[in-house]
Amino acid sequence: MATYKEAPLATRPKTLDPAEYFNLSPDHRRAEEKRAALRAQLKRQYLQQLNNPHRKELIEDPALTRWTYARTNNNYFRPTAKTSLIGGLFGVLPLFVFYVVFKTDRDKREAKIKAGTYQRPYKLST
Amino acid sequence: MRAAECQRGMMAALRAGLLTRALTKGKTPGISNIILGTRAASGPSKDTLPGPYPRTPEEMAAAAKKYNMTLEDYKPYPEDGMGYGDYPMLPERSQQERDPWYQWDHPDLRRNWGEPMHWDFDMYIRNRVDTSPSPVEWKKMRNQLLGFMGFMLLMFGLGEMFPCYQPVAPKQYPYNNLYLERGGDTGKEPEPVKHYEI
């Protein structure tokens, strides 16, 4: 175990983490046990539903529901300085910038056409 | 996803039902009730859905329990108005980094049922962003790429501004500037064209 080197494109697995072998504090162990208990309970719930022969419907995942709800319902968005700045920078400023840039470019081209000095860049016909 | 869609459809139907009830029967619910609507009881209850940022320790404990996490692991996003609420801040690791040999409940997503999903879960699936360690450090790769691109752009730009090539002159054609080939009169004698000077 001491000579284990990680595979080039993979993270070190948790079971080979040296901290897990040398960290013997009771707090760490209790935390790990709590996490393992939660995982085991979730696994048990899932497998009970999965292997239930009378089940006809999909197994609903509440974590997925919560994630979808959190991502789609932006209930907790508040206009603050930071959010207003981001909104202005990405939502309002590009409109004005694009208007200015495109307008000046087109006006210059129009002036050149009127003066007769415009060269069509990708002209294929003679 | 399906549950959310069913819920919204039911909400719309319920709102329509409330409106007709208000119009037909005597006792009308308040206008705010009709507009906001009431949710159907078939969907998830409000205490299992994400809520506002937890401020008291009791709220933190309740939120950790709701998301199936231990209290030590549960850390909400900082409250700066970006709209996260009490959703937990999980480590930014892609699904590609997880153990490929463990028997996950959903093997393609490398996720177990009921496990709290990262806020950017749809970004971290195995087809998309990957945070696995790279063979060379990220900084070295970035510096090499940007250095090369920057150098090439600079040199091409300088070449456009200060072109340098061999001296050229207009092309010289023989036979009196190709008089006959250009449709000149065969009877007439063309004027001699000299391209040299002695």
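Since the model is a prediction, treat every value here as computed from it, not as a measurement. The residue count restarts for each chain, going from 1 along the sequence in the order it is written. Throughout, the order in which chains and ligands are written sets their labels, letters from A for the former and numbers from 1 for the latter. Totals for whole chains, interfaces and linings use every residue, but because this is a predicted model, local features are given only for residues with pLDDT of at least 70 and side-chain atom pairs only at 80 or more, for both listing and counting. To obtain the side-chain values, all non-hydrogen atoms of the structure were used and water was disregarded.

1. Description of the overall build of chain A
Phase 1 of the analysis: Secondary structure elements follow DSSP: runs of H or I no shorter than four residues count as helices, runs of E no shorter than two count as strands, and numbering proceeds from the N terminus. When its secondary structure is counted, chain A shows four helices and zero strands.
Phase 2 of the analysis: Helices and strands in chain A line up, N terminus first, as α-α-α-α.
Phase 3 of the analysis: In terms of overall size, chain A is more extended than a compact globule, its C-alpha atoms giving a radius of gyration of 31 Å where 126 residues would be expected to give roughly 14 Å.
Phase 4 of the analysis: Exposure classes here rest on a 1.4 Å probe applied to the protein chains alone. A residue is buried below 20% of its type maximum, exposed above 50%, and partly exposed in between. Residues counted as buried form 12% of the 126 residues belonging to chain A. Values of the radius of gyration come from C-alpha atoms, whereas the globule rule sets the reference at 2.2 Å times the count of residues to the power 0.38.

2. So, the packing of aromatic side chains
All names here are of chain B.
Phase 1 of the analysis: Planes of paired rings set the category: under 30 degrees apart is stacked, over 60 is edge-to-face and the rest tilted, where pairs are Phe, Tyr or Trp rings (Trp by its six-membered ring) whose centres lie within 6.5 Å. In total, this model carries 10 aromatic pairs over all chains according to the counting rule given.
Phase 2 of the analysis: Consider the rings of Y67 and Y74, whose centres lie 6.1 Å apart with planes at 15°: the pair is stacked. Side by side, Y67 and Y74 carry an identical accessibility label, which is buried.
Phase 3 of the analysis: Ring plane angle 80° and centroid distance 4.8 Å describe the contact between Y102 and W104, whose orientation is recorded as edge-to-face.

3. Structural notes on the interface of chain B and chain A
Phase 1 of the analysis: Each side of the interface is counted separately: chain B has 43 residues, and chain A has 36 residues.
Phase 2 of the analysis: Summing the contributions of chain B and of chain A, the shared interface buries around 3,600 Å²; its carbon and sulfur component is 60%.
Phase 3 of the analysis: By convention in these notes, a salt bridge is any Lys or Arg side-chain nitrogen within 4 Å of a carboxyl oxygen on Asp or Glu. Put simply, chain B and chain A have seven salt bridges between them.
Phase 4 of the analysis: Salt-bridge contacts for E72(B) lead to K34(A); the nearest nitrogen and oxygen are separated by 3.3 Å.
Phase 5 of the analysis: For this analysis, a polar contact is any N or O atom pair within 3.5 Å, provided that within protein one partner can donate a hydrogen and the other can accept it, and provided that sequence-adjacent residues contribute only side-chain to side-chain pairs. One can count 18 residue pairs in polar contact (both at pLDDT 80 or more) joining chain B with chain A. Contacts are assigned to residue pairs with any non-hydrogen atoms lying within 4.5 Å of each other. Summed over both partners, the accessible surface that disappears when two parts come together, traced with a 1.4 Å probe, is what is meant by buried area.

4. Quick look at the nonpolar core
Phase 1 of the analysis: With 13 residues, the main nonpolar core has W67(A), Y67(B), M69(B), Y74(B), Y87(B), M117(B) and W119(B) as its most contacted residues.
Phase 2 of the analysis: The set of elements that each furnish at least two residues to this core consists of helix 3 (62-72) of chain A together with helix 3 (57-66) of chain B. Grouping buried Ala, Val, Leu, Ile, Met, Phe, Trp, Tyr and Cys residues that are joined through side-chain atoms within 4.5 Å yields what is termed a nonpolar core.

5. Let's talk about the UniProt feature "transmembrane region" (unreviewed entry) in chain B
Phase 1 of the analysis: In the numbering adopted here, UniProt assigns the feature "transmembrane region" (unreviewed entry) to residues 145-162 of chain B.
Phase 2 of the analysis: Within residues 145-162 of chain B, the helical portion is 94% and the strand portion 0%, while the C-alpha atoms at the span's ends are 26 Å from each other. UniProt positions are given in the numbering used here, feature names are shortened, and annotations may be inferred rather than shown by experiment.

6. So, the environment of E137(B)
Phase 1 of the analysis: With respect to the helices, strands and loops of the structure, E137(B) is situated in the loop between helix 3 and helix 4 (138-161).
Phase 2 of the analysis: C-alpha separation for the pair E137(B) and T56(B), spaced 81 residues apart in sequence, amounts to 42 Å.

7. Notes on the UniProt feature "transmembrane region" (unreviewed entry) in chain A
Phase 1 of the analysis: UniProt feature "transmembrane region" (unreviewed entry): in the numbering of this structure it lies at residues 84-102 of chain A.
Phase 2 of the analysis: Within residues 84-102 of chain A, the helical portion is 100% and the strand portion 0%, while the C-alpha atoms at the span's ends are 26 Å from each other.

8. Thoughts on a nonpolar patch on the surface
Phase 1 of the analysis: To count toward a patch, a residue needs a relative accessible area above 30% and no salt bridge. Like charges then connect within 9 Å, nonpolar side chains (Val, Leu, Ile, Met, Phe, Trp, Tyr) within 5 Å. Using a 1.4 Å probe, the Shrake-Rupley method yields the accessible areas, and only the shown protein chains count as cover for residues. A surface patch of nonpolar side chains, amounting to about 1,200 Å² of accessible area, comprises L145(B), F148(B), M149(B), F151(B), M152(B), L154(B), M155(B), F156(B), L158(B), M161(B) and F162(B).
Phase 2 of the analysis: The class for F156(B) is exposed, based on a relative accessible area of 58%.

9. Here we look at the pattern of salt bridges
Phase 1 of the analysis: Under the definition given, this model contains 16 salt bridges over all chains.
Phase 2 of the analysis: Two residues, R71(A) and D122(B), come together in a salt bridge whose shortest N-O distance is 3.3 Å. With R71(A) in helix 3 and D122(B) in the loop between helix 3 and helix 4, this residue pair bridges two chains.
Phase 3 of the analysis: According to the relative accessible area criterion, R71(A) is partly exposed, its value standing at 29%.
Phase 4 of the analysis: For D122(B), a relative accessible area of 28% translates into the label partly exposed.
Phase 5 of the analysis: With a shortest N-O distance of 3.9 Å, E79(B) and R55(B) are connected by a salt bridge. In this pair, E79(B) sits in the loop between helix 3 and helix 4 while R55(B) sits in the loop between helix 2 (31-36) and helix 3, placing the two residues 24 residues apart along the sequence.
Phase 6 of the analysis: Looking at E79(B), the relative accessible area reads 30%, which means it is partly exposed.
Phase 7 of the analysis: Among the charged side chains, a salt-bridge network with shared partners connects K14(A), E32(A), R35(A) and D73(B).

10. Side note on the side chain of R110(B)
Phase 1 of the analysis: Locating R110(B) in the fold gives a position in the loop between helix 3 and helix 4.
Phase 2 of the analysis: Once residues within four sequence positions are removed from consideration, R110(B) is found in contact with Q95(B), Q96(B), R98(B), D99(B), P100(B), W104(B) and R126(B).

11. Concerning the domain arrangement of chain A
Phase 1 of the analysis: Taken as a whole, chain A is organised into domain 1 (17-59) and domain 2 (93-120).
Phase 2 of the analysis: Distance from the C-alpha centre of domain 1 of chain A to the C-alpha centre of domain 2 of chain A: 64 Å. The split into domains, and so the bounds of each, comes from an automatic or database assignment of domains.

12. Some words on helix 3 of chain A
Phase 1 of the analysis: All of the buried residues in helix 3 of chain A are A63(A), T65(A), R66(A), W67(A), T68(A), Y69(A) and A70(A).
Phase 2 of the analysis: Of the surrounding elements, those touching the buried residues of helix 3 of chain A are helix 3 of chain B.
Phase 3 of the analysis: The N-terminus of helix 3 of chain A is capped by D61(A), whose side-chain oxygen sits 3.2 Å from the backbone nitrogen of A63(A).

13. Some remarks on empty space enclosed by the protein
Phase 1 of the analysis: Each cavity reported here is a set of points on a 1 Å grid over the protein atoms alone in which a 1.4 Å probe fits but cannot get out, each pocket an open set with protein on both sides within 12 Å along at least five of seven lines, and each lining residue one with an atom within 4 Å of a point. Grid points are joined across faces, edges and corners, and a volume is the space filled by probe spheres set on the points. By the definition in use, this model includes one cavity of 30 Å³ or more.
Phase 2 of the analysis: As a volume, the largest cavity reaches approximately 40 Å³.
Phase 3 of the analysis: Lining the largest cavity are Y69(A), A70(A), N73(A), Y76(A), P50(B), G83(B) and Y84(B).
Phase 4 of the analysis: Amino acids are sorted into nonpolar (Ala, Val, Leu, Ile, Met, Phe, Trp, Tyr, Cys and Pro), charged (Asp, Glu, Lys and Arg) and polar (every other residue, Gly among them). Here the lining of the largest cavity is built from residues that sort into five nonpolar, two polar and no charged.

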